[in-house]
Amino acid sequence: MTEVGIDGIEVRTGKLKLDLAETFAPAQDEDPGKFTKGLGLYASSLPDVYEDIVTMAANASHTLMERKGLTPEDIGRIDVATESAFDHSKPVSTYVAGCLEQVYDEDFHHANKGERKFACISGTQALDDAFNWIRAGRARDRAALVIATDTALYARDDPGESTQGAGAVAMLIDENPDVVSFSVEQGYGSADETDFLKPNQQFPSVDGKRSMQVYLARMREALEDFEAMGGNTHPENFAFIPFHTPFPGMVEKAAVLGYRHCIRGTDIEEEVAEKIGRQPRPEAFDDEEEYLEAVKDYTESLSETTSYQEWYQRTVEPTLDISREVGNWYTGSVHIARVAGLKRALDEGWEIAGDQMLVGSYGSGAQAEIHAETLQSNWAEEIEQLTITEQIENRYDLSFDEYEEIHDVHNHDAETDIEPRTTPDAEFVFDGWGRMGERKYTYVE
Ligand code: CAA
């Protein structure tokens, strides 16, 4: 059967930067180490006055289409995944199509458009929809444009404020892809949870500590489901394991639990057993609490083994490079983790064509999904065209006062009128409001 997967990727960050150690920590009277070491984050990306989820999505998509030599006729569907939508009826994808139609002679009238919602996992769900649409034979030789775009803001002084971020990832899904193909095998862990939600409000209500437990529990279920479907999870199978990354510290916690699960009964468990013993098995304990305590001790010892540390440094740590600098992009977060891993491989000259990645997506509320991806022979050519490193370096570094103003600019309930900190250059910009309350956009040369 023809391979289907990601043929091209483009990443667009918000153009402003909030430095967590230098700017945020002193203003909040916090130790910078809480953010840089505890959470693993150095900075957040935020949108300038003229940027929002539509401009970031449209600008990423435009660059991607230009690079791939595509026009609107080559696109059969546009799916936007977001948890920052500003309209309960008209989907963000229509705004994005409207932007793109300003710069192309053709239109997207025959493309199916929609908006996907399930917190941060909806980007991956949209990839899944595209895969199914193509495999069902309905694509008419056209590709799907999937865009994950968010302005991930928390209320001021919420514990989540330090994990904010904003950006978009546009992905082209097609047959015979250049970057990765998707596995048919996938696993789900899904349950009705009340850990992070936005009931008709812009900023989330979050039970932070519980949200971390729910992330781990659903991810574990998804892994078990993936294995039950025949997916092989031997840790040495994978070049990278990109996870949904609300902050890198969360991924560190998930990685060691995942490793413990996946080495059970393998050669790796035997190898490390010489130093730390075999994993506790529930049948060896009369008491559940004692068993859980033993598992906790084993996990701690495992995290200190060379075997685990080498694996983590090779397959997980590189996927956090972008996230550390830009914060949480919600729907885009797992997709920048994939890009970060591939960028590291490119920079280091690692030969990974034909290798696999295991991708762990997650959305609060809550659902995890796990699938495998196979790296295609042209992955490096595609990744080397990305400019995300330059975009990160060129961001405007906000003072704390400026940060407070820009948070208000993007707060739907606040009224502000401030000048942008950057100058638009050959891009779509937010251009005010229309007569029905719609947001309007223009392409600036
Ligand atoms: N030096 C080094 N480390 C330090 C430190 C210092 N000076 N001060 C604190 N730390 C460590 C803490 O020990 C802690 O690490 P451990 O968890 O390993 O113990 C870490 O830094 C964070 O410190 P706190 O737990 O005190 O931080 P907090 O309670 O103020 O906030 C949070 C943490 C609850 C995760 C908060 O950022 C939050 O609510 N975030 C939003 C929710 C979230 O991202 N949840 C993740 C799972 S849900 C999901 O994935 C969906 C999504 O995208 C939102």
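Residues numbered from 1 in each chain as written. Predicted model: local features only at pLDDT ≥ 70, side-chain atom pairs only at ≥ 80, totals over all residues. Heavy atoms only, no water.

1. With respect to the site of the ligand
Basically, it comes down to this: Neighbouring residues are identified by heavy atoms, a residue being near a molecule or strand if any of them is within 4 Å of it. Whenever two N or O atoms come within 3.5 Å, that pair is a polar contact, provided that in protein one can donate a hydrogen and the other can accept it, and provided that, for residues adjacent in sequence, both atoms are side-chain atoms. Accessible areas in this description were obtained via Shrake-Rupley with a 1.4 Å probe; residue shielding takes into account the shown protein chains only. Strands here mean DSSP runs of E at least two residues long; helices mean DSSP runs of H or I at least four residues long; both are numbered from the N terminus. Gly counts as polar in this scheme, as do all residues outside two lists: the nonpolar Ala, Val, Leu, Ile, Met, Phe, Trp, Tyr, Cys and Pro, and the charged Asp, Glu, Lys and Arg.
Of all residues adjacent to the ligand, which total 26 residues, the nearest are Lys34, Lys209, Ser211, His244 and Lys253. Gly33 is positioned with one of its backbone polar atoms (N or O) 3.5 Å from a nitrogen atom of the ligand. A distance of 2.8 Å is found between an oxygen atom of the ligand and a side-chain nitrogen or oxygen belonging to His244. If the ligand stood free it would expose 1000 Å²; the protein chains cover 73% of that surface. Counting residues per element, the ones that place at least two in the shell around the ligand are helix 2 (32-39), helix 6 (208-228) and helix 7 (248-263). Here the residues of the shell around the ligand sort into 12 nonpolar, nine polar and five charged.

2. What about the layout of surface pockets?
This is how it is decided: Put plainly, a pocket is an open set of points on a 1 Å grid over the protein atoms alone with protein on both sides within 12 Å along at least five of seven lines, a cavity is a set where a 1.4 Å probe fits but cannot get out, and a lining residue has an atom within 4 Å of a point. Grid points are joined across faces, edges and corners, and a volume is the space filled by probe spheres set on the points.
Taken as a whole, the largest pocket encloses approximately 1400 Å³ of empty space. As for the largest pocket, its lining consists of 44 residues, and the residues nearest its centre are Ser84, Ala85, Phe86, Gln202 and His412. Among the elements of the structure, strand 5 (112-116), strand 9 (196-197), helix 15 (400-409) and strand 15 (427-433) are those that each provide at least two residues to the lining of the largest pocket. Classifying every residue of the lining of the largest pocket gives 17 nonpolar, 14 polar and 13 charged. The space that makes up the second largest pocket amounts to roughly 990 Å³. Considering the residues around the second largest pocket, the lining is formed by 40 residues, among which Lys253, Val256, Leu257, Gly258 and Arg260 are closest to the centre. Of all the elements in the fold, those that place two or more residues in the lining of the second largest pocket are helix 6, helix 7, helix 9 (288-303), helix 10 (306-315) and strand 12 (356-363). Taken together, the residues that form the lining of the second largest pocket break down as 23 nonpolar, nine polar and eight charged.

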